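# Coordinate analysis (summary)
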Amino acid sequence: MIMDTQLASLLTSGALIVIGIFGALFLDNLIKKVIALAFIGDGANLFLVSLGYKAGGIVYIFLPGMSMSNFSQNASYPLPYALVLTSIVIGASTMAVMLGIIIVLNKKYGSISASKILGE
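What counts as what
Along each chain, residue indices are assigned from 1 in the same order as the chain's sequence is written. At least 70 in pLDDT is required for a residue's local features to be given in this predicted model, at least 80 for side-chain atom pairs to be given and counted, and no such filter applies to totals for whole chains, interfaces and linings, which use all residues. Where side-chain values are given, they derive from all heavy atoms of the structure, hydrogens and water being excluded. Helix numbering and strand numbering both begin at the N terminus, where a helix is a DSSP run of H or I of at least 4 residues and a strand a DSSP run of E of at least 2. Here the term buried applies to any residue with accessible area under 20% of the maximum for its type, exposed to any over 50%, and partly exposed to those in between, with areas from a 1.4 Å probe on protein chains only. Each accessible area is a Shrake-Rupley result for a 1.4 Å probe, and residues are judged covered by the shown protein chains and nothing else. Just so you know, the count uses Lys and Arg for positive and Asp and Glu for negative, and it drops His and the chain ends. In this description, the location of a charge corresponds to atom NZ of lysine, CZ of arginine, CG of aspartate or CD of glutamate. Each axis is a line fitted through C-alpha atoms, taken for helices only over the stretch in contact, and angles between the N-to-C directions span 0 to 180 degrees. Angle categories: roughly parallel below 35 degrees, roughly antiparallel above 145, roughly perpendicular from 65 to 115, and oblique for all the rest. What makes two residues a contact is simply this: any of their non-hydrogen atoms within 4.5 Å. Side-chain classes follow a simple rule in which Ala, Val, Leu, Ile, Met, Phe, Trp, Tyr, Cys and Pro form the nonpolar group, Asp, Glu, Lys and Arg form the charged group, and the remainder, Gly included, forms the polar group. Think of a 1 Å grid over just the protein atoms. A cavity is a set of points where a 1.4 Å probe fits yet cannot get out, a pocket is an open set with protein on both sides within 12 Å along at least five of seven lines, and lining residues have an atom within 4 Å of a point. Grid points are joined across faces, edges and corners, and a volume is the space filled by probe spheres set on the points. Working definition: a ring pair exists when centres of Phe, Tyr or Trp rings (six-membered ring for Trp) sit within 6.5 Å. Plane angles under 30 degrees give stacked, over 60 give edge-to-face, the rest tilted.

## Observations concerning the overall build of the chain
Secondary structure summary: the chain contains 5 helices and 0 strands in total. Shown N-terminal to C-terminal, the secondary structure of the chain runs as helices and strands in the order α-α-α-α-α. Structurally, the chain occupies a C-alpha span of about 65 × 35 × 15 Å along its principal axes. In the chain, which comprises 120 residues, the share counted as buried stands at 19%. A total accessible area of about 8,300 Å² is found for the chain, and carbon and sulfur atoms account for 73% of it. Computed over 6 positive and 4 negative side-chain charges, the separation of the two mean positions in the chain equals 10 Å.

Structure follows, in structure tokens:
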């Protein structure tokens, strides 16, 4: 059985989100927690991109000489791609801030272990 591209993308995005939730909840290292949160964001981005996918679709740019009916039937949906582009920029900025906070915590407590920093 050959798997559809959109179905494979949806399953992969679900796997990324589950792995990210597991890492964010059960890992003790703060850097690994930040990477797990990035997995959750990447899974959400892949989910949005896979929603905008259209099998046999064309780029959503209306070119000269293209008929309006052909464009409207075959163009992929552009909104998820715009949302994902915005999400990537916000995610990169947030990750940079989180890693900066981890550097400050490491200088203050001498460790990046969440249990040592919280005093458990």
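On we go.
## What about the packing of helix 2 (residues 30–52) against helix 4 (residues 79–109)?
Where helix 2 meets helix 4, the closest approach of the two axes is 10 Å, and the angle between their N-to-C directions is 180°. It follows from the interaxial angle that helix 2 and helix 4 lie roughly antiparallel. Contact residues: Leu 30, Ile 31, Val 34, Leu 37, Ala 38, Asn 45, Leu 48, Val 49 and Gly 52 in helix 2; Pro 80, Tyr 81, Leu 83, Val 84, Ser 87, Ile 88, Met 95, Met 98, Leu 99, Ile 102 and Leu 105 in helix 4. Looking at side-chain class alone, the contact of helix 2 with helix 4 contains 17 nonpolar, 3 polar and no charged residues.

## Quick notes on the layout of surface pockets
Computed from the structure, the largest pocket encloses a volume of approximately 250 Å³. Ala 38, Gly 41, Asp 42, Gly 91 and Ala 92 are the residues nearest the centre of the largest pocket, which is lined by 14 residues in total. Looking at the lining of the largest pocket, the elements that each hand over two or more residues are helix 2 and helix 4. With 8 residues, the single largest contributor to the lining of the largest pocket is helix 4.

## Considering the packing of aromatic side chains
With the rule as written, the count across this model stands at 1 aromatic pair. The interplanar angle of 45° and the centroid separation of 5.2 Å between the aromatic rings of Phe 22 and Phe 26 together place this pair among those described as tilted. Taken together, the positions of Phe 22 and Phe 26, both in helix 1 (residues 5–26) and 4 residues apart, correspond to about one turn of that helix. Owing to a relative accessible area of 60%, Phe 26 belongs among the exposed residues under this scheme.

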